[in-house]
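Examining the three-dimensional arrangement
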Amino acid sequence: MTDLHPYNDKFNDLAIRSPFVVGVNPSRTRLANDLFFVMHDNATGRIRLHARLAGLGLAAAILGELMLTGRTTVGLAAGQIRLVVLDTTPPEDALTRAALGHIIAEPSHRFHTWLQFLARTALADVAARMTADGLLHPPGRRLSRRQAPVDVNVAAWPGGRVNLAIQRGERLNVQDNVLLGLLVATGGNRLVLWEQSPRYFADSIASLPAPLRELIAQTEAAVGDSIISRR
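Below is a short write-up of the structure. (Residues numbered from 1 in each chain as written. Predicted model: local features only at pLDDT ≥ 70, side-chain atom pairs only at ≥ 80, totals over all residues. Heavy atoms only, no water.)

Here the focus is helix α3 (residues 94-105). Under the 1.5 Å per step criterion, the end-to-end length of α3 is 16 Å for twelve residues, consistent within 8% with the ideal 16 Å. Those residues of α3 not exposed but buried are Leu 95, Thr 96, Ala 99, Leu 100 and Ile 103. In a view along the axis of α3, the buried residues occupy a sector of 125°, so they form one face of it. Buried residues along α3 sit against α2 (51-68), β1 (72-77), β2 (80-85), α4 (111-119) and α5 (122-132). (Helix = DSSP H or I, 4+ residues; strand = E, 2+ residues; numbered from the N terminus. Expected span 1.5 Å × (residues − 1). Buried < 20%, exposed > 50% of the residue type's maximum accessible area, 1.4 Å probe, protein only. Arc of directions from axis to C-beta. Contact = heavy atoms within 4.5 Å.)

Below, the structure is given as structure tokens:
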């Protein structure tokens, strides 16, 4: 990517000179898993959000996992926002490993393109990972997309801790801040958060590093385009 100028004046805060790592332990908690739980009913597995919007949110969460673990960041190339690979080391997780492999192979695609590409199968892909990890019951024989959580309390915890932080006015950690931002970007906040606090939402998102703010902004734009295209 010889035309990449991540330190362009307009986007100089988007680039990172060293891998962006925030200390997230992906073996303990994964952003896309948390978002999947929040977007589905804790007991029945019924989806709370339109599947198209949920798919975009989960696609963004997969990209967010790569950013949180220092594999990718965001930069400006040929006037377009693109993903920039910082670390080609394959993640242990098959889902993010496959996503990183695609990005390495096709570095010229816009950020928006990756969201659209991953969104096509994100619901099924994240559900399959969670099933393999013992978080969701395997799908039944009936023709249903629902997969109930194995442990209702585990399923309720991601949304619960975000709701409690908002209620108490406490700061979220970086990963949960991204979780909140993706809920806002997809409109899921109106369905799963106890309190709607635009000021808290804005302040939380603004506190994130610039690449993660861009992740949320790109997701919001993709959701808007998806809604308009279906009207």
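Let's shift gears to the packing of helix α6 (residues 152-168) against helix α7 (residues 174-186). At a closest axis distance of 11 Å, the pairing of α6 and α7 adopts a crossing angle of 90°. One way to sum up the angle between α6 and α7 is to call them roughly perpendicular. Residue-level inspection shows Pro 158, Arg 161, Val 162 and Ile 166 of α6 in contact with α7, the latter providing Asp 176, Leu 179 and Leu 180. Within the contact of α6 with α7, the residues separate by chemical class into five nonpolar, no polar and two charged. (Axes fitted to C-alpha atoms, helices over the stretch in contact; angles between N-to-C directions. Parallel < 35°, antiparallel > 145°, perpendicular 65-115°, else oblique. Nonpolar A, V, L, I, M, F, W, Y, C, P; charged D, E, K, R; others polar.)

Next up on the list: the packing of aromatic side chains. Applying the stated criterion to the full structure yields one aromatic pair. Summarising the aromatic geometry, the rings of Trp 114 and Phe 117 are spaced 5.9 Å apart at their centres and angled 80° between planes, so their arrangement reads as edge-to-face. One end of the pair, Trp 114, and the other, Phe 117, are both in helix α4, three residues apart, so they sit about a helical turn from each other. (Phe/Tyr/Trp six-rings, centres within 6.5 Å; stacked < 30°, edge-to-face > 60°.)

What follows covers α2. In this model α2 runs 25 Å from its N-terminal to its C-terminal C-alpha over 18 residues, within 8% of the 26 Å that 1.5 Å per residue would give. Note on α2: the residue one or two positions beyond its end, Gly 70, has a positive phi of about 80°.

If charged atoms from side chains of opposite charge come close, those side chains can pair. In the structure shown here, the tally under the stated rule is five salt bridges. Taking the shortest distance from any N to any O, the salt bridge between Asp 176 and Arg 161 comes out at 2.6 Å. Of the two residues, Asp 176 sits in helix α7 while Arg 161 sits in helix α6, which places them 15 residues apart along the sequence. Among the salt bridges present, the one from Asp 203 reaches Arg 199, with a minimum N-O distance of 3.1 Å. Of this pair, Asp 203 and Arg 199 both sit in helix α9 (residues 198-206), four residues apart, which is roughly one turn of that helix. What makes Arg 199 exposed here is its relative accessible area of 63%. A network of salt bridges, in which partner residues are shared, links Asp 34, Arg 161 and Asp 176. (Salt bridge = Lys/Arg side-chain N within 4 Å of Asp/Glu carboxyl O.)

Geometry only, nothing functional implied.
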